[in-house]
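Notes for the structure review
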Amino acid sequence: PAAVRFANQLLPLRDAAAIAIAVGSGTAAALRRAGVPEVQAPRIEMRSEGVLALDALTPPPSHVGVVTAPGGRGEIARVLAARGASVTVADVYERSAAALSQRSRAGLLALQSPAAVLISSGEALHSVHQQLTDNERAVWLRSVAVCASQRLLAEAEKLGFVHVIECGSTRPKRQLEALGVYAKDRGFR
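Note that the coordinates shown come from a computational prediction; the quantities given were computed from them, not determined experimentally.

Right, let's talk about the overall build of the protein chain for a bit. Along the backbone of the protein chain there are 9 helices and 7 strands. Across its three principal directions, the C-alpha atoms of the protein chain cover 55 × 35 × 30 Å. Considering the protein chain as a whole, with its 189 residues, one finds that 38% of them fall into the buried category. Counting contacts in the protein chain only where the partners sit at least 6 residues apart, residues at least 24 apart contribute 52% of the total. For the protein chain, the exposed surface amounts to about 11200 Å²; the carbon and sulfur share of it is 54%. Within the protein chain, the 16 negative side-chain charges are centred at a point lying 5 Å from the centre of the 22 positive side-chain charges.

Structure below.
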């Protein structure tokens, strides 16, 4: 949604004569609000891999524009170029890490088990991890890491999370459903 907002300020998206493809339902809704008539998005796998599996990109059009922010994986542009598309990447905004507030830090230290962390961004995961003190990190790593993808699960394990599950979605509702199954099947201790 942020990419849509900033791109629309630069050039009204309703004037685009192309098919718009969104990574997720939030971005698709933002495109529709901006007046884009034809929007496609993955229904389940709302991340780069889901976008790349869409019929509209297999094979890809001869030219593809990717509207994004620096710092992402760049997977969509890389794969579409490998499939033969000419790819133009437009970085229209910049992500910046939010500093953890003292209130957030105190809340983390006050957590009682069981606890869970919903992880949908590798960038955010590493940003939080780097800001934590040793005591905060110890509490955080005891939580169950509910990861949106196998890639994020591997990153969470690498950082030291012991209890990790993959749910295949960045949507909080799906992540909480996966956590509910985990809690029921394995116990939440």
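Okay, back to it.
With that settled, consider the sheet that holds strand β5 (residues 116-119). The strands making up a sheet are joined through hydrogen bonds of the backbone, oriented either antiparallel or parallel. Read across the sheet, 3 strands follow the order β5-β6-β7 without closing on themselves; strand pairing throughout is parallel. In this open sheet, the two strands that pair with only one neighbour each are β5 and β7 (163-166). The sheet shows a mean angle of 20° between the axes of neighbouring strands, taken without regard to direction. When β5 meets strand β6 (residues 144-147), the two strands line up parallel, connected through 4 bridges. Paired with alanine 116 across the strands is valine 144, a residue of β6. Against the sheet, helix α8 (residues 150-159) contacts β5, β6 and β7, and its axis sits at roughly 170° relative to β7. Lying on the sheet, helix α9 (residues 172-186) is in contact with β5, β6 and β7; it crosses β6 at an angle near 135°.

On to the side chain of arginine 47, then. Mapped onto the secondary structure, arginine 47 falls in the loop between β2 (39-40) and α3 (48-52). A polar contact is formed between the side chain of arginine 47 and the backbone oxygen of glycine 168, at a distance of 3.5 Å. Excluding anything up to four places from it in sequence, arginine 47 contacts Val23, Ala148, Ser149, Glu166, Gly168 and Ser169.

A regular strand places its side chains so that they alternate between the two faces of the sheet. Along β6, one buried face is formed by Val144 and Val146 and the opposite face, lined by Ala145 and Cys147, is buried too. As paired strands, β6 and β7 are joined by 4 bridges and run parallel to one another. Looking at the pairing, alanine 145 lines up with valine 164 of β7. At this point the chain moves from β6, through α8, to the parallel β7, and the crossover so formed is right-handed.

We now examine unusual backbone geometry. Following threonine 58, the chain continues to proline 59 via a peptide bond in cis, the omega torsion being -5°. Inspection of the secondary structure puts proline 59 in the loop between α3 and β3 (63-68).

Let us now look at the environment of glutamate 166. With respect to the element layout, glutamate 166 can be found in strand β7. It is 17 Å that separates the C-alpha atoms of glutamate 166 and glutamate 123, two residues lying 43 residues apart in sequence. Each residue touching glutamate 166, except ones within four places of it in the same chain, is listed here: Arg47, Cys147, Ala148, Ser149, Gln150 and Leu153. Here the side chain of glutamate 166 touches glycine 168 through a polar contact of 2.9 Å, landing on its backbone nitrogen.

Enumeration according to the criterion identifies 6 salt bridges in this entry. Put simply, glutamate 75 and arginine 78 hold a salt bridge, and the shortest N to O gap is 2.9 Å. On the criterion of helical spacing, the pair formed by glutamate 75 and arginine 78 is a turn pair, its members being 3 residues apart in helix α4 (residues 75-82). The closest approach of N and O atoms between glutamate 155 and arginine 151, which form a salt bridge, is 2.9 Å. With glutamate 155 and arginine 151 both in helix α8, this residue pair falls 4 residues apart, about one helical turn. We classify glutamate 155 as buried; its relative accessible area is 18%. Given a relative accessible area of 32%, arginine 151 falls into the partly exposed group. Look at the salt bridges and you will find they share partners, linking Arg47, Glu49 and Arg73 into a network.

Criteria and thresholds
Residues numbered from 1 in each chain as written. Predicted model: local features only at pLDDT ≥ 70, side-chain atom pairs only at ≥ 80, totals over all residues. Heavy atoms only, no water. Helix = DSSP H or I, 4+ residues; strand = E, 2+ residues; numbered from the N terminus. Buried < 20%, exposed > 50% of the residue type's maximum accessible area, 1.4 Å probe, protein only. Contact = heavy atoms within 4.5 Å. Areas by Shrake-Rupley, 256 points an atom, 1.4 Å probe, with all protein chains shown as cover. Lys, Arg positive; Asp, Glu negative; His and termini not counted. Charge placed at Lys NZ, Arg CZ, Asp CG, Glu CD. Pairing = 2+ DSSP bridges. Axes fitted to C-alpha atoms, helices over the stretch in contact; angles between N-to-C directions. Polar contact = N/O pair within 3.5 Å; in protein donor to acceptor, adjacent residues only side chain to side chain. Right-handed = clockwise from strand over helix to strand, strands pointing away. Salt bridge = Lys/Arg side-chain N within 4 Å of Asp/Glu carboxyl O.

Remember, this is a structural readout, not a statement about activity or role.
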